[in-house]
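Chain residues, written in single-letter form:
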Amino acid sequence: MYLDSFLDARDICVNPDIQNKEQAYSMLVDLICRNHKLPICGEDLLQRLLQRDAEAPTAYPSGIAIPHIRMDDFDDILVAMMFLPQPLMFGTTKVSWVVLIITDKTSSKIYLNLVAALMALSKDTASVQALTTAEDAHAAFSIIKKLGISIKIDLYVADIMNINTVTIPPEATLRELIRLMGMHSLAGLPVVDETGLFVGEVNILSLLKVGIPEYLTRMDNLDFLVSFEPLERLLEQQDELQVKDIMTLQPIILKPETSIMEAVSEMIKHDKRYMSVVKDNKLMGVVTAKDIFHKVIQA
Amino acid sequence: MTIMMLITLFVFVMTYIFIIMEWMNKMLAAMIGGFLIVLTGIIHQQDALMAVDWNVIFFLIGMMLVISVLKKTGVFMYIAIRTAKIARGKPIVIMTLMFVITAVLSAFLGSVTTVMILVPIVLLICGELKITPIPFIITMAIASNMGGTATMVGDPPNIMIGSATDYTFMDFLFNLTPPVVIITCVSVAMIWLMYRNKMKVSMQNRARLLSYREDTLITDKKLLLRSSIVLLLMLIALILQSVLKIETATIAMTAGLSLLLMSNRNQVENVLINDVDWVTIFFFIGLFMIVESLVVTGFIDIMAKGIIDASGGRPKTASMLILWLSGALSAIIDNVPFVAAMIPMVQKMSTYINNPTAMHPIWWSLSLGTCLGGNGTLVGASANIVAVGIASRNGFRISFRQFTQIGIIFTFNSLLISSVYLLVRYF
């Protein structure tokens, strides 16, 4: 599937005379309602768009804003685009390209891939430059058509994983680990050695485990221990113990080409919300249950 | 010797070597051995499976269910911590009281379970008192094997002997509890002499221990009451076994299933996965199958004849021979596989001796030797391995040598007392 297959030159608007986000959305709504029959339209649709925007901003640092509505009693995917030669401020983000997407309630996969393709394109400054300076809608459409951007039908872990993940070397002390976890508010992170090889994972529970003697975990009830110094041992040993002493070796990992369904199923099966994505023993990124929630369910 | 016998001997010896050397998970070794003798056609599958003593298997499963519920009541932790407080934090008093409690609990719950419950608590107490837990752990492992000897439901070898013979719960109580009580008392005195002046505790550390709120441990009083009643009924049923004519497995399963129904109804699957030790269960099944091949091919008969010849056919000599031989061998071999092979042999001996009364001391010798011999070395009994394993995971390494140095003294002493007891009471 290609990006231009979802598009119609009628739904493209070039160099409009507008001052702010509301006007941009209003114009896109007019455009799409004129050309298509929708269950919700006009002011209603605009209000819903603005409301969603208030909940979670749709503008990305690469200069693209992708407002999106899932509609009941509707069975299609509609895309309308607007190119701005003079970027507008959407909150704190500079936007030169707005894409309105209307989908039914089920086609989240195609939607996500559509967004992924748009995001990739928005990082290609030369193409964006050409698009924002296109003479008219037909010119913009043919640029997109010529680019031949394909939309992947399947979604993989590689598409949603975080690439710039915080990692820790196996020789780091627990003090460094505690500092790093605190600084980035992380509950777990991959352990990567100096040659870039993935060697294991540490998480907050493996850290806390240092603070509680193993024999206590064998007891069903610890309520009687009123005077036990909590986690005293962890603080005492934070300079002596290293990450490699407490890390999980051979944790359950994902491959970049793992499907999202498989990733979710692995997370549920192993009750693990945090998965390292590894290929040929190299860490490629990290996927958390939260990523799936935000990028797949809430998208 | 036929080719069949050679194959049998090979499978048996290899399996036992793999178990003793821990080259393989013991359950896996026993299962492979068990099905190898079927696969090679030494015995039919039907006969191999018939050889499994299901009374033992279901007794073990029933007891595991009972214990899974009892553990949840927190009563064992309550007893252990209460004891430490009654001892006012005095290490030698805690050590001797723990020895006795371990022995008593082992007599009813089995040695491994008791050690699994009590060793973590002792690690905690010793940690608070800032004293080394190593002598506590070694002596408790020893106590668990002694206590397990006292009743039919204590150590697995006893339930296997009880199941293979006509002896009831009361027979074990009359014949084995007296020597075990004597052995335990003497052992307590030995501990007192060995460790009396070795451990010092500061007042501050003692105060930490005394601040424990053990009353918070019993969270479900209703469950405790109910399970106490079930336990009491189980004990009565065992005592009246000869009158009621109910087999041990049925008694244990009835108790286990009723407790499961009362407490964990919604978590039956969890209990079956986590609280029933299937590895042990299948280990037993495999052993029964392998030993049957020894019976069928006539090896057991040869061994029985050997013992009879060596003792000149005199029950007194045979009894002593069995006691000391079992004591020595079960110090090296895990006592379950050992007794699995010994039971059919003693049964065979009875056909040669041909005097039921004369057989009694021989059976009790087998039990005393096997159970108490487990204390001889670190690998002699499962309870030792479990206790030392928990200690090592908490940073207290106990070497084979360290355990054996102490274990051998207590074993020798136990076997000596057992010999005197057997000679005085039965001959």
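Starting from 1, residues in each chain are numbered consecutively following that chain's sequence as written. Chain labels run from A onward and ligand labels from 1 onward, assigned in the order the entries are written. At least 70 in pLDDT is required for a residue's local features to be given in this predicted model, at least 80 for side-chain atom pairs to be given and counted, and no such filter applies to totals for whole chains, interfaces and linings, which use all residues.

## Side note on the overall build of chain A
Here is step 1: A run of H or I in DSSP becomes a helix once it reaches four residues, and a run of E becomes a strand once it reaches two; helices and strands are each numbered from the N terminus. When you go through chain A residue by residue, the secondary structure sums to 12 helices and 10 strands.
Here is step 2: For a compact globule of 299 residues, the expected C-alpha radius of gyration is about 19 Å, and chain A comes in at 24 Å, more than 25% above that figure.
Here is step 3: Considered along the principal axes of its C-alpha atoms, chain A spans approximately 70 × 45 × 35 Å.
Here is step 4: As a rule, residues whose C-beta atom has 12 or fewer other C-beta atoms within 10 Å are exposed, those with 20 or more are buried, and those in between are partly exposed; C-beta atoms are placed from the backbone. In chain A, buried positions account for 28% of the 299 residues.
Here is step 5: Placing C-beta atoms from the backbone, we regard two residues as in contact once those atoms come within 7 Å. Summarising the internal contacts of chain A: among those between residues at least 6 apart in sequence, 69% fall at separations of at least 24. Every radius of gyration here is taken over C-alpha atoms, with the globule rule written as 2.2 Å times N^0.38, N being the number of residues.

## Structural notes on the overall build of chain B
Here is step 1: If you tally the helices and strands in chain B, you get 22 helices and 0 strands.
Here is step 2: Principal-axis analysis of the C-alpha atoms places the extent of chain B at approximately 70 × 50 × 45 Å.
Here is step 3: When each of the 427 residues of chain B is scored for burial, the buried share is 50%.

## A closer look at the domain arrangement of chain A
Here is step 1: Looking at the assigned domains, one finds that chain A contains domain 1 (3–153) and domain 2 (174–297).
Here is step 2: For domain 1 of chain A versus domain 2 of chain A, the distance between C-alpha centres works out to 39 Å. Segment limits for the domains were obtained from an automatic or database-derived domain assignment.

## Focus: unusual backbone geometry
Here is step 1: The phi torsion at A:Asp271 lies on the positive side, around 50°, for a residue other than glycine.
Here is step 2: Here A:Asp271 is to be found in the loop between α11 (260–270) and β9 (274–279).
Here is step 3: The phi torsion at B:Asn354 lies on the positive side, around 55°, for a residue other than glycine.
Here is step 4: Considering the arrangement of structural elements, one finds B:Asn354 in the loop between α19 (335–353) and α20 (356–373).
Here is step 5: Since 9 C-beta atoms lie within 10 Å of it, B:Asn354 is described here as exposed.

## As for the interface of chain A and chain B
Here is step 1: Contacts between the two partners involve 13 residues from chain A, matched on the other side by 20 residues from chain B.
Here is step 2: Here the term charged refers only to Asp, Glu, Lys and Arg, the term nonpolar to Ala, Val, Leu, Ile, Met, Phe, Trp, Tyr, Cys and Pro, and the term polar to all other amino acids, Gly among them. For the side of chain A that touches chain B, a count of residues per class yields 7 nonpolar, 2 polar and 4 charged.

## Considering the environment of A:Ile143
Residues and elements named next belong to chain A.
Here is step 1: Looking at the element boundaries, Ile143 is found in helix α5 (residues 137–147).
Here is step 2: A residue is classified by how many C-beta atoms lie within 10 Å of it, and Ile143, with 16 of them, is partly exposed.
Here is step 3: Separated by 13 residues in the primary sequence, Ile143 and Ala130 place their C-alpha atoms 7.8 Å from one another.
Here is step 4: Those residues in contact with Ile143 that sit more than four places away from it in its chain are Ala130, Leu131 and Ala134.

## Topic: the nonpolar core
Here is step 1: A set of buried residues drawn from Ala, Val, Leu, Ile, Met, Phe, Trp, Tyr and Cys, joined through C-beta atoms within 7 Å, is what defines a nonpolar core. If you look at the biggest cluster of nonpolar residues, it comprises 139 residues, and the most contacted ones within it are B:Val119, B:Val122, B:Ile137, B:Met140 and B:Ala387.
Here is step 2: Not counting residues within four places of it along the chain, the set of residues in contact with B:Val119 comprises B:Ile137, B:Met140, B:Ala387, B:Ile390 and B:Ala391.

## Quick notes on the environment of B:Met203
All names here are of chain B.
Here is step 1: Looking at the secondary structure, you find Met203 in helix α11 (residues 203–210).
Here is step 2: Met203 sits in the exposed class, given 7 other C-beta atoms within 10 Å.
Here is step 3: Through-space distance from the C-alpha of Met203 to that of Phe412 is 38 Å; in sequence the pair is 209 residues apart.

## Remarks on the pairing of strand β7 (residues 188–192) of chain A
Residue and element names in this part refer to chain A.
Here is step 1: Of all 5 residues in β7, 5 are buried; the element is thus mostly enclosed.
Here is step 2: Examined bridge by bridge, β7 and strand β8 (residues 198–203) share 5 bridges and lie antiparallel to one another. Within β8, the residue paired with Val192 across the bridge is Phe198.
Here is step 3: Linkage of β7 to β8, two consecutive antiparallel strands, is achieved through a turn of 5 residues, within which Gly196 is found at a positive phi near 90°. Pairs of strands are assigned from DSSP output, requiring at least two bridges between the strands.

## Let's talk about the pairing of β9(A)
All names here are of chain A.
Here is step 1: With 5 of its 6 residues buried, β9 lies for the most part within the structure.
Here is step 2: Note: β9 against strand β10 (residues 282–288), 6 bridges, orientation antiparallel. In the sheet register, Val277 faces β10, and the bridge partner there is Gly285.
Here is step 3: Linking two consecutive strands that pair antiparallel, namely β9 and β10, is a turn of 2 residues; a positive phi of about 50° is found at Asp280 within it.

## Section: the packing of helix α6 (residues 91–109) of chain B against helix α7 (residues 111–129) of chain B
Working note: a packed helix pair is described by the angle between its axes plus the distance between those axes.
All names here are of chain B.
Here is step 1: Two numbers describe how α6 lies on α7: the axes approach to 9 Å, and their chain directions differ by 165°. Taken as axis vectors, α6 and α7 run roughly antiparallel relative to one another. Once α6 is placed against α7, the crossing between them reads as right-handed. Here α6 contributes Pro91, Ile94, Met98, Thr102, Leu105, Ser106 and Leu109 to the contact with α7, which in turn contributes Ser111, Thr113, Thr114, Leu118, Val122, Ile125 and Leu129.
Here is step 2: Of the residues that constitute the contact of α6 with α7, the class distribution is 9 nonpolar, 5 polar and no charged. To obtain each axis, a line is fitted to C-alpha atoms, and for helices this fit is confined to the stretch in contact; angles are then taken between N-to-C directions over 0 to 180 degrees. Here is the rule for angles: anything less than 35 degrees is roughly parallel, anything more than 145 is roughly antiparallel, 65 through 115 is roughly perpendicular, and the remaining ranges are oblique. By definition, turning the near helix anticlockwise from the far helix through less than a right angle yields a left-handed crossing, and turning it clockwise yields a right-handed one.

## Considerations on the packing of α7(B) against α11(B)
All names here are of chain B.
Here is step 1: Put simply, α7 and α11 touch, their axes get as near as 8 Å, and they point 145° apart. Contacts from Ile125, Glu128 and Leu129 of α7 reach α11 at Asn205, Arg206, Arg208 and Leu209.
Here is step 2: Among the residues making up the contact of α7 with α11, the classes are represented as 3 nonpolar, 1 polar and 3 charged.

## Brief notes about helix α5 (residues 75–86) of chain B
All names here are of chain B.
Here is step 1: Expected helix span is computed as 1.5 Å times (number of residues minus one). Helix length check: α5 (12 residues) gives 16 Å between terminal C-alpha atoms against 16 Å at 1.5 Å per residue, within 8%.
Here is step 2: All of the buried residues along α5 are Phe76, Met77, Ala80, Ile81 and Ala84. Angularly, the buried residues of α5 cover 125° about the axis, an arc narrow enough to put them on a single face.
Here is step 3: Elements that come into contact with the buried residues of α5 comprise α4 (54–72), α6, α7 and α11.
Here is step 4: Backbone geometry just after α5 places Arg88 at a positive phi near 55°. The arc refers to the directions leading from the helix axis to the C-beta atoms.

## A closer look at the confidence of the model for chain B
All names here are of chain B.
Here is step 1: pLDDT is defined as a per-residue confidence score from the predictor, taking values between 0 and 100. Confidence in the prediction for chain B averages 92 pLDDT; 100% of positions are at 70 or higher.
Here is step 2: The least confident element of chain B, judged by mean pLDDT, is helix α15 (residues 268–275) at 85; the most confident is helix α8 (residues 134–150) at 96.
Here is step 3: Reported confidence for the predicted complex is 0.77 by ipTM and 0.75 by pTM.

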